[in-house]
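Secondary and tertiary structure notes
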Amino acid sequence: MNQGSGFFIMRPFNGLFLVCMAFFVLVLVLGSVWLRKKPDPVRRRVLAAVCVLTLIGFFIYKYQLSIDAEYDRAYAVMGGFSWWSELPLHVCNINMILIPIAVLTDSRPLMSFSFFIGPLGALMALVMPGLGFSGYSIFLPRMLGYYGTHFMIIIEALAIVTLGLYRPKFRDLPKTILTFFLIAVVIFGIDVLMRSTGLNPKANYFYLMETEGNGLLEIFHRWIPLPFLYMLPCIAILAVYMVAVTAGFALTGRKGETAEA
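Remarks on helix α4 (residues 95-105)
Here α4 has its buried residues at N95, M96, L98, I99, P100, A102 and V103. Along its buried surface, α4 packs onto α2 (40-66), α5 (108-127), α6 (141-162) and α7 (173-197).

This is the structure:
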């Protein structure tokens with residue numbers, strides 16, 4: 001199917017994109033209102049179960065990619081489809097695994113990581129979609145899988161806060177940055193291992209090896225033309241974003257305390 005026009009063609013910020021965004025926000029709001037009345041263990045188990053279902057859907061979507069000849073051609077520049085390239089190890093996908101662990105173990109560093117990194121990574125994937133995921137009908141299996149997965153990751157990560165399981169605090173930020181850095185180091189090791197052994201000569205999880213044409217990463221790569229290291233400016237941007245969001249929570253908390261007093 002060729003790229004085209006019409007309401008059911010998905011592109012970043014077009015009408016269909018905004019409708020889908022509004023729908024998933026509504027799901028988050030209604031789900032949070034309903035679940036906030038439930039006991040804490042129930043909220044945690046429900047969120048973990050939703051993440052597991054999303055992970056199952058993720059692999060169904062990847063199977064559809066494996067038999068999608070059009071995607072294989074679009075992604076030829078990165079070697080075409082390979083299961084070694086499609087594991088849930090990208091910065092947004094990894095949250096499907098981490099969120100259940102975080103909420104079931106009540107790990108603040110992991111909940112903080114998922115709350116800050118999950119929505120940001122998934123949103124970047126939505127507004128800067130990869131090859132073969134923009135300008136096509138939303139009813140294509142790969143389009144449903146791609147956009148459905150990333151929208152779900154956003155609301156699952158935000159639900160950590162909207163369900164009352166976690167509230168950002170400034171003391172969480174150093175551990176969150178450290179967690180992000182350590183996970184990035186592990187993923188970089190996986191990229192290097194896959195490339196060196198030939199399992200996946202184009203392994204590029206977390207985009208630590210190549211920019212794949214991403215405009216923002218291209219700028220960073222011009223500044224620091226080295227694998228992994230060119231992503232360091234992202235940590236600075238992440239830190240500013242986290243401080244701004246946490247400050248908002250802190251101000252809101254103080255206002256609430258003042259009102260209650």
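More follows now that the structure is in view.
Description of a nonpolar patch on the surface
Together, L178, F181, L182, V185, L226, L229 and L232 give the surface a local cluster of nonpolar side chains, amounting to about 560 Å² of exposed area. Sort the elements by how many residues they give to the nonpolar patch and α7 lands first, with four residues. Residue placement: L178 occurs in helix α7.

Quick look at unusual backbone geometry
Its identity as a non-glycine residue notwithstanding, D106 has a phi of 55 degrees, on the positive side. Inspection of the secondary structure assignment puts D106 in the loop between α4 and α5.

Focus on the state of the cysteines
Across all of its chains, the model carries zero disulfides by this definition. Note on C51: no disulfide assigned, nearest cysteine sulfur contributed by C92 at a separation of 13 Å. Residue class for C51 comes out buried when judged on its relative accessible area of 0%.

Quick word on the packing of aromatic side chains
According to the stated counting rule, one finds 21 aromatic pairs in the structure shown. With a centroid separation of 5.3 Å and an interplanar angle of 85 degrees, the aromatic rings of F81 and W83 are classed as edge-to-face. On the accessibility criterion, W83 (38% relative accessible area) is partly exposed. Summarising the aromatic geometry, the rings of F181 and F228 are spaced 6.0 Å apart at their centres and angled 70 degrees between planes, so their arrangement reads as edge-to-face. Placement of the pair is F181 in helix α7 and F228 in the loop between α8 (215-223) and α9 (232-260), with a sequence separation of 47 residues. What makes F181 partly exposed here is its relative accessible area of 34%. Positioned above the aromatic ring of Y136 is the side chain of R142, whose terminal nitrogen or guanidinium carbon lies 4.5 Å from the ring centre.

Here is what the cut-offs are and how they apply
Residues numbered from 1 in each chain as written. Predicted model: local features only at pLDDT ≥ 70, side-chain atom pairs only at ≥ 80, totals over all residues. Heavy atoms only, no water. Buried < 20%, exposed > 50% of the residue type's maximum accessible area, 1.4 Å probe, protein only. Helix = DSSP H or I, 4+ residues; strand = E, 2+ residues; numbered from the N terminus. Contact = heavy atoms within 4.5 Å. Patch = residues over 30% accessible without salt bridge, like charges linked within 9 Å, V, L, I, M, F, W, Y side chains within 5 Å. Areas by Shrake-Rupley, 256 points an atom, 1.4 Å probe, with all protein chains shown as cover. Salt bridge = Lys/Arg side-chain N within 4 Å of Asp/Glu carboxyl O. Disulfide = S-S within 2.5 Å. Phe/Tyr/Trp six-rings, centres within 6.5 Å; stacked < 30°, edge-to-face > 60°. Lys NZ or Arg CZ within 6 Å of the ring centre and 35° of its normal.

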